[in-house]
Amino acid sequence: MATLGQTSSGGPESSTDVTSFNGTSAQAKLGIRPTRKHFFASLDATVAKAVKTDADQVTYTETEEVTLLNGNAHVIPAFNQNFGIHNNDHWTLALSIFYVGYCLLEIPANILQRHIGANRFFFMALTFWGLSSLSFVYAKGYPALLVLRVLLGIGEAGYYAGMIYYLSFWYKRHVIITMRPLRCLETWCHKRQGLLAFGLVRAKTSLLAGWQFLFLVEAIPTIIMALMLLLFLPSFPFTATFLTPREKSIAQARVDRDHRPSSHGGMNGWEGLKAILVDINAWLLMVVYNIGTATSTYFLPTIINGLGFTALNAQGLTVAPYAFGYLFTIAQAIHSDHTRDRGWHIMFSTTVSCIGYIILAICSQSSVGASYFALFFVVGGNFSLFPLVMSWAANTFSPTSKRGVGTAFIVSVSNCVSIAAPQIYFDPNDKFRRAHGLAAGCLFMSFLAAFILRTRLSWLNRRKDDILASMSEKEKEEPQDNFAEVPDSDPRFKYMT
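Residues numbered from 1 in each chain as written. Predicted model: local features only at pLDDT ≥ 70, side-chain atom pairs only at ≥ 80, totals over all residues. Heavy atoms only, no water.

1. Quick word on the overall build of the chain
- In terms of regular secondary structure, the chain is built from 22 helices and zero strands.
- The proportion of buried residues among the 497 residues of the chain is 54%. (Helix = DSSP H or I, 4+ residues; strand = E, 2+ residues; numbered from the N terminus. Buried < 20%, exposed > 50% of the residue type's maximum accessible area, 1.4 Å probe, protein only.)

This is the structure:
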């Protein structure tokens, strides 16, 4: 058996053989590459191909792999007065209009991200969102509020689905929720927002009111983070300047041996969209990710306010449900990755949230304690759904272009439904009982869709096993192209259920 430094015949190993073993030979031949000509120039496909070539040859230890891996202001009277919000209808329209730009630009944003790289895309998105948020400080009047809400939606378009897409280039399919802290951190941020709102609305200077400080606190760190992402975030493993050529090969090889994501080539955006539109799995995932999950974030302070608490105390009382939601989301993510299951965990989250809405619908007029307790179920169930559903989508679609368009499609179409979500919370005199009932019904529909999808994917996996059993070893090893991705229709592609 040959060892490093010696050929199988016993002679010295050539330097080419050593660099191939180390995963650096193709990268070593590249030399100095030209810089990108302009901001929107595409990434260098030659470098990507060289890293993919080295990744196909590199061998590495488990230790090296582990080392590489470790590497609500609308309840505030001053805000309502400034923007001319006189009734609940004004606010529900402002909430709904956010999704206009968000839904229209979700899919194009993901396509743009793959072309120019994640660091430049997220820099643009966060900067635009931060400046829009900052504009709230100086804006006045209801028309200005509507315009700024549309701009916020444009800035946020593609961000969440884009982060899911981005992480699929770095992590294996079965650990991607644990490695995807987005929704966990978002729940944590909502918790801190309640604390910040509770304190900052008391602040007042000769220039700024308390609610204006809220938007400053959100805008300035976002703009700073945008600059940091532009400077330090690697778009793909082959662009990571902090990795050596060998480490780039290992990073690429890890995911290539799991689901072979590709930064270049393959389907274009239009082909990916057509593949998604005819895929029943995409539509079932869209149903799971529906209106039932869209209400608690916007109306939690309002719901608590409706239980008899002051607007200011309502902001403070949002902290505990969000803290529970944060812990519940992390627990669901870790256990889902540990068991390599998505469907049953999604059904559990929808059940928890549905029970919370049912308690709210029954007890909102009779028991403040039971209603507040139910909010823990609603927030925990809803927020844990997002990473579970989107990681299931990322595990279900292949090749890369279909995965990117697919995750954006689910978020985009589902959030078209979210335009209607604020409209169901229109009757505070009823303590929102009918709205809670509608949300519970939507969560039950999500449960059924998740059950159908899991059953379908399990059946497809069994059918693929039967096809593989009838194939020869040579047929199982195709395609010969080392860079070819395995589409989800291929019998060698196994769905995570």
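2. Description of helix α8 (residues 142–156)
- The end-to-end C-alpha distance of α8 is 21 Å, a good match for the 21 Å that 15 residues give at a rise of 1.5 Å each.
- Turning to α8, its buried residues number three or more, namely Tyr142, Leu145, Leu146, Leu148, Arg149, Leu152, Gly153 and Gly155.
- Trailing α8 by a residue or two, Gly158 shows a phi angle of about 85°, which is positive. (Expected span 1.5 Å × (residues − 1).)

3. Side note on the confidence of the model for the chain
- For the chain, per-residue confidence averages 79 on the pLDDT scale, and 76% of positions sit at 70 or higher.
- Of the regions scoring below 50 in pLDDT, residues 1–13 engages in 14 contacts with residues more than four places distant in sequence or in other chains. (pLDDT = per-residue confidence, 0-100. Contact = heavy atoms within 4.5 Å.)

4. As for the environment of Phe236
- Looking at the element boundaries, Phe236 is found in the loop between α11 (210–232) and α12 (245–256).
- Given a relative accessible area of 4%, Phe236 falls into the buried group.
- Between the alpha carbons of Phe236 and Phe169 there is a distance of 6.6 Å; along the sequence they are 67 residues apart.

5. Quick word on the packing of helix α19 (residues 368–396) against helix α20 (residues 400–418)
- Axis separation between α19 and α20 bottoms out at 9 Å; the angle between their running directions is 150°. One element, α19, and the other, α20, form an angle in the roughly antiparallel class. Taken as a pair, α19 and α20 cross one another with a handedness that is right-handed. In this structure, α19 contributes Met390, Ala393 and Ala394 to the contact, and α20 contributes Arg403, Thr407, Ile410 and Val411.
- A class-by-class count of the residues in the contact of α19 with α20 yields five nonpolar, one polar and one charged. (Axes fitted to C-alpha atoms, helices over the stretch in contact; angles between N-to-C directions. Parallel < 35°, antiparallel > 145°, perpendicular 65-115°, else oblique. Left-handed = near helix turned anticlockwise from the far one by under 90°. Nonpolar A, V, L, I, M, F, W, Y, C, P; charged D, E, K, R; others polar.)

6. Remarks on the packing of aromatic side chains
- Under the definition given, this model contains 26 aromatic pairs.
- With a centroid separation of 5.6 Å and an interplanar angle of 5°, the aromatic rings of Phe236 and Phe238 are classed as stacked. One exposure class covers both Phe236 and Phe238, and it is buried.
- Cluster of aromatic residues (ring-pair linked, three or more members): Phe121, Phe122, Tyr159, Tyr166 and Trp170. (Phe/Tyr/Trp six-rings, centres within 6.5 Å; stacked < 30°, edge-to-face > 60°.)

7. Focus on a nonpolar patch on the surface
- Nonpolar side chains collect at one region of the surface, where Ile220, Ile224, Met225, Leu227, Met228, Leu231 and Phe232 lie side by side and expose about 700 Å² of accessible area between them.
- By secondary structure assignment, the location of Phe232 is in helix α11. (Patch = residues over 30% accessible without salt bridge, like charges linked within 9 Å, V, L, I, M, F, W, Y side chains within 5 Å. Areas by Shrake-Rupley, 256 points an atom, 1.4 Å probe, with all protein chains shown as cover. Salt bridge = Lys/Arg side-chain N within 4 Å of Asp/Glu carboxyl O.)

8. Focus on the side chain of Asn281
- Among the secondary structure elements, Asn281 is positioned in helix α14 (residues 280–288).
- In this structure the side chain of Asn281 is engaged in a polar contact, spanning 2.7 Å, whose partner is the side chain of Arg456.
- Setting aside residues up to four positions removed in sequence, Asn281 forms contacts with Thr396, Leu453, Arg456, Leu457, Leu460 and Tyr495. (Polar contact = N/O pair within 3.5 Å; in protein donor to acceptor, adjacent residues only side chain to side chain.)

9. Some details on unusual backbone geometry
- In this chain, Ser398 is followed by Pro399 through a cis amide linkage whose omega measures 10°.
- Within the secondary structure, Pro399 sits in the loop between α19 and α20.
- Of note in this structure, Arg340 is not a glycine but carries a positive phi near 55°.
- Considering the arrangement of structural elements, one finds Arg340 in the loop between α17 (319–339) and α18 (343–363).
- Since its relative accessible area comes to 48%, Arg340 is described here as partly exposed.

10. Regarding the state of the cysteines
- Throughout the structure, instances matching the rule amount to zero disulfides.
- Cys354 carries a free sulfur, and the closest cysteine sulfur to it, the one in Cys442, is 9.8 Å from it.
- Residue classification places Cys354 among the buried residues on the basis of a relative accessible area of 12%.
- Residue classification places Cys442 among the buried positions, given a relative accessible area of 15%. (Disulfide = S-S within 2.5 Å.)

11. Side note on the pattern of salt bridges
- Scanning the entire structure with this criterion turns up six salt bridges.
- Here Asp279 makes a salt bridge to Lys402, at a shortest N to O gap of 2.9 Å. Taken together, the residues span a long stretch of sequence, with Asp279 in the loop between α13 (269–277) and α14 and Lys402 in helix α20 at a distance of 123 residues. The two residues Asp279 and Lys402 agree in class, both being buried.
- The network of salt bridges with shared partners includes Asp279, Lys402 and Asp488.

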